[in-house]
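# Structural features, examined
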Amino acid sequence: MKVSLFTAIIVLIVGLYDMAYAYNRRQQNHQRGTIGFMILGIIFTIGGIVLLIMHWVK
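I will try to describe carefully the structure that is included in this document. Computed from a prediction, not measured in an experiment: that's the story for all the values here.

What follows deals with helix α1 (residues 5-26). When the terminal C-alpha atoms of α1 are compared, their 32 Å separation across 22 residues agrees well with the 32 Å that a helix rising 1.5 Å per residue should span. Residues of α1 that are buried include every one of Ala 8, Val 11, Gly 15, Asp 18 and Ala 22, and no others. Along the long axis of α1, the arc covered by the buried residues comes to 90 degrees, so they all point the same way. Exposed residues lying more than 90 degrees from the buried face of α1 are Phe 6 and Tyr 17.

If you want it as structure tokens, here you go:
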């Protein structure tokens, strides 16, 4: 399966952004949705790393 480097980097950036958003929101009094954003961030970050590995290994 051919994986684009651009796609892998975008998925990784989205994952890191979601985790940063959840972390910043956690420090405020908004507890609703924090866990969901953190879970999505972890999934996207792991997915981005897997895509990068798949791109390099071929």
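Alright, that's what it looks like, and here's the rest.
With that settled, the discussion passes to the packing of aromatic side chains. This structure, assessed with the given rule, holds one aromatic pair. Where Tyr 21 meets Phe 37, the ring centres are 4.8 Å apart and the plane angle is 70 degrees; that geometry is what we call edge-to-face. Taken together, the residues Tyr 21 in helix α1 and Phe 37 in helix α2 (residues 34-57) connect sequence positions 16 residues apart. For Tyr 21, a relative accessible area of 33% corresponds to the partly exposed category.

So, on to the packing of α1 against α2. Their axes nearest at 7 Å, the elements α1 and α2 cross at an angle of 155 degrees. Classified by the angle between their axes, α1 and α2 sit roughly antiparallel to one another. The crossing of α1 and α2 is left-handed. In terms of residue class, the contact of α1 with α2 is made up of 19 nonpolar, seven polar and three charged.

Our focus in this paragraph is the side chain of His 55. Relative to the elements of secondary structure, His 55 occurs in helix α2. If we skip the residues at most four places from it in the chain, His 55 touches Val 3, Ser 4 and Leu 5.

Along the chain, the position of Thr 45 falls in helix α2. By relative accessible area, which is 11% here, Thr 45 ends up buried. Apart from the residues within four sequence positions on either side, Thr 45 is in contact with Leu 12, Gly 15, Leu 16 and Met 19.

As a further point, take α2. The first and last C-alpha atoms of α2 sit 35 Å apart over 24 residues, in line with the 34 Å expected at 1.5 Å per residue. Of the residues making up α2, those classed as buried are Thr 34, Gly 41, Thr 45, Gly 48, Leu 51, Leu 52 and His 55. On its buried side, α2 packs onto α1. Lys 58 sits one or two positions beyond α2 and adopts a positive phi of about 55 degrees.

Criteria and thresholds
Residues numbered from 1 in each chain as written. Predicted model: local features only at pLDDT ≥ 70, side-chain atom pairs only at ≥ 80, totals over all residues. Heavy atoms only, no water. Helix = DSSP H or I, 4+ residues; strand = E, 2+ residues; numbered from the N terminus. Expected span 1.5 Å × (residues − 1). Buried < 20%, exposed > 50% of the residue type's maximum accessible area, 1.4 Å probe, protein only. Arc of directions from axis to C-beta. Phe/Tyr/Trp six-rings, centres within 6.5 Å; stacked < 30°, edge-to-face > 60°. Axes fitted to C-alpha atoms, helices over the stretch in contact; angles between N-to-C directions. Parallel < 35°, antiparallel > 145°, perpendicular 65-115°, else oblique. Left-handed = near helix turned anticlockwise from the far one by under 90°. Nonpolar A, V, L, I, M, F, W, Y, C, P; charged D, E, K, R; others polar. Contact = heavy atoms within 4.5 Å.

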